[in-house]
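Observations on the three-dimensional arrangement
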Amino acid sequence: MAERGREIRVDFHTHVFPDRLPSLAARCGDERWPYVEREDDSSARIMLGKNVYRKIGESAWTASARLADMERERVDIQVISPTPITFGYWGRAEEALELARFQNDFIAEFVSRNPRRFIGLGTVPMQAPELAVAEMRRVLKELGLAGLEIGATVDGRGLHVPELRPFFQAAAELSCPLFIHPTNEPWAVGERERRAALSGLHQVVGMTGETAFAASTLMLGGVLSELAELRVCLAHGGGSLCLLVPRMAVIWEHLPGARNQLETSPMELVRRFWADTLSFDVDNLALLKARFGAEKLMVGTDYPFAARERPTGAVIDRAAGHAAFDAAELAAMRGENALRFLQLEDSF
């Protein structure tokens with residue numbers, strides 16, 4: 001933990017993956033449900049049918065391995081959340097709820113063993129808003145987790161659709177922080193083979209575009225305007241949103257009828273969002289500050305996966321001395337802002 005007088009360092013964007021999952025794929029006969037194959041004590045494979053989705057190490061499910069990395073990179077607290085491949089929004093709500101509850105219990109147990117080093121975010125079956133709200137209440141009230149991670153789309157639907165509004169209303173009423181992450185749902189085999197020739201295309205373009213789409217639906221679909229208390233953080237620096245907002249504002253100003261649908265300019269409304277700093281570039285970080293405000297930015301690395309930031313907070317450290325930032329802003333990004341977003345600033 002941080003020593004008295006030293007700034008606290010929080011990694012807001014990290015994932016866990018249990019070393020076992022409910023056997024939904026075998027039980028339901030649907031290979032889109034992931035399962036885990038252990039290779040040895042320290043490694044495993046996330047499987048989709050007979051295909052390896054991703055290899056993971058023990059840091060995905062073991063606190064001791066994570067704590068060792070945290071000590072090495074001077075991280076006081078990790079905020080841990082599920083891996084989006086487990087959302088299962090395309091599936092039957094009952095199975096998605098079972099997988100969500102399993103992971104929520106896993107995360108709650110993980111946090112309970114090291115409550116000064118880990119903060120947990122749960123997950124819910126967004127395709128069934130009533131079940132999602134009930135599980136959100138359990139996550140907050142019974143398990144004591146700090147909020148939820150949700151996908152950027154729900155089986156292809158934007159977050160603004162009317163059937164999802166009760167979920168967001170409940171999140172606002174419960175003051176439940178929401179972390180929006182691309183869904184990264186499994187794709188068809190043929191598409192997987194095509195993407196193999198363009199390694200990383202989905203990571204670079206698809207995931208960032210999906211996040212921007214999610215944020216845009218919340219803005220232009222009236223969710224943010226209607227629910228002033230809603231707290232939303234966007235993964236990966238908001239994806240491509242920051243580049244699109246000026247165009248959105250011009251369309252809002254000049255397109256007939258646009259102002260009747262949205263009273264506030266997108267340039268102003270975008271500042272309702274928070275975002276992690278997973279942008280890998282100081283100039284990108286300066287743009288995040290211009291769009292969201294420095295007080296809305298927090299370290300996020302995507303630990304423990306290959307495309308993570310290394311070391312934790314590297315882009316913030318490189319921004320020291322940059323004309324766009326002062327030392328106090330950078331210090332707050334390293335930890336204080338994340339705790340404020342989660343409403344835990346008085347707990348650590």
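Residues numbered from 1 in each chain as written. Predicted model: local features only at pLDDT ≥ 70, side-chain atom pairs only at ≥ 80, totals over all residues. Heavy atoms only, no water.

What about the packing of aromatic side chains?
Taken as a whole and judged by the stated rule, the model has 8 aromatic pairs. Between Phe-12 and Phe-179 the ring centres are 5.0 Å apart and the planes differ by 80 degrees, which places this aromatic pair in the edge-to-face class. Taken together, the residues span a long stretch of sequence, with Phe-12 in strand β1 (residues 10-16) and Phe-179 in strand β8 (residues 178-181) at a distance of 167 residues. According to the relative accessible area criterion, Phe-179 is buried, its value standing at 1%. On the numbers, 5.2 Å between centres and 10 degrees between planes, the contact of Phe-87 with Tyr-89 is stacked. You'll find Phe-87 and Tyr-89 in the same group, each marked buried. Taken together, the ring pairs connect Phe-12, Phe-179, Trp-274 and Phe-341 into an aromatic cluster. (Phe/Tyr/Trp six-rings, centres within 6.5 Å; stacked < 30°, edge-to-face > 60°. Helix = DSSP H or I, 4+ residues; strand = E, 2+ residues; numbered from the N terminus. Buried < 20%, exposed > 50% of the residue type's maximum accessible area, 1.4 Å probe, protein only.)

Details of a nonpolar patch on the surface
Together, Leu-201, Val-204 and Val-205 line one region of the surface with nonpolar side chains, adding up to about 270 Å² of accessible area. Here Val-205 shows up in helix α7 (residues 201-220). (Patch = residues over 30% accessible without salt bridge, like charges linked within 9 Å, V, L, I, M, F, W, Y side chains within 5 Å. Areas by Shrake-Rupley, 256 points an atom, 1.4 Å probe, with all protein chains shown as cover. Salt bridge = Lys/Arg side-chain N within 4 Å of Asp/Glu carboxyl O.)

Brief notes about the packing of helix α3 (residues 93-113) against helix α4 (residues 129-142)
The interhelical angle for the contact between α3 and α4, taken along N-to-C directions, is 10 degrees, at an axis separation of 11 Å. Viewed along their axes, α3 and α4 adopt a mutual orientation that is roughly parallel. Of the residues in α4, those in contact with Ala-93, Leu-97, Arg-101, Asn-104 and Asp-105 of α3 are Leu-131, Glu-135, Arg-138 and Val-139. Considered class by class, the residues forming the contact of α3 with α4 number 4 nonpolar, 1 polar and 4 charged. (Axes fitted to C-alpha atoms, helices over the stretch in contact; angles between N-to-C directions. Parallel < 35°, antiparallel > 145°, perpendicular 65-115°, else oblique. Contact = heavy atoms within 4.5 Å. Nonpolar A, V, L, I, M, F, W, Y, C, P; charged D, E, K, R; others polar.)

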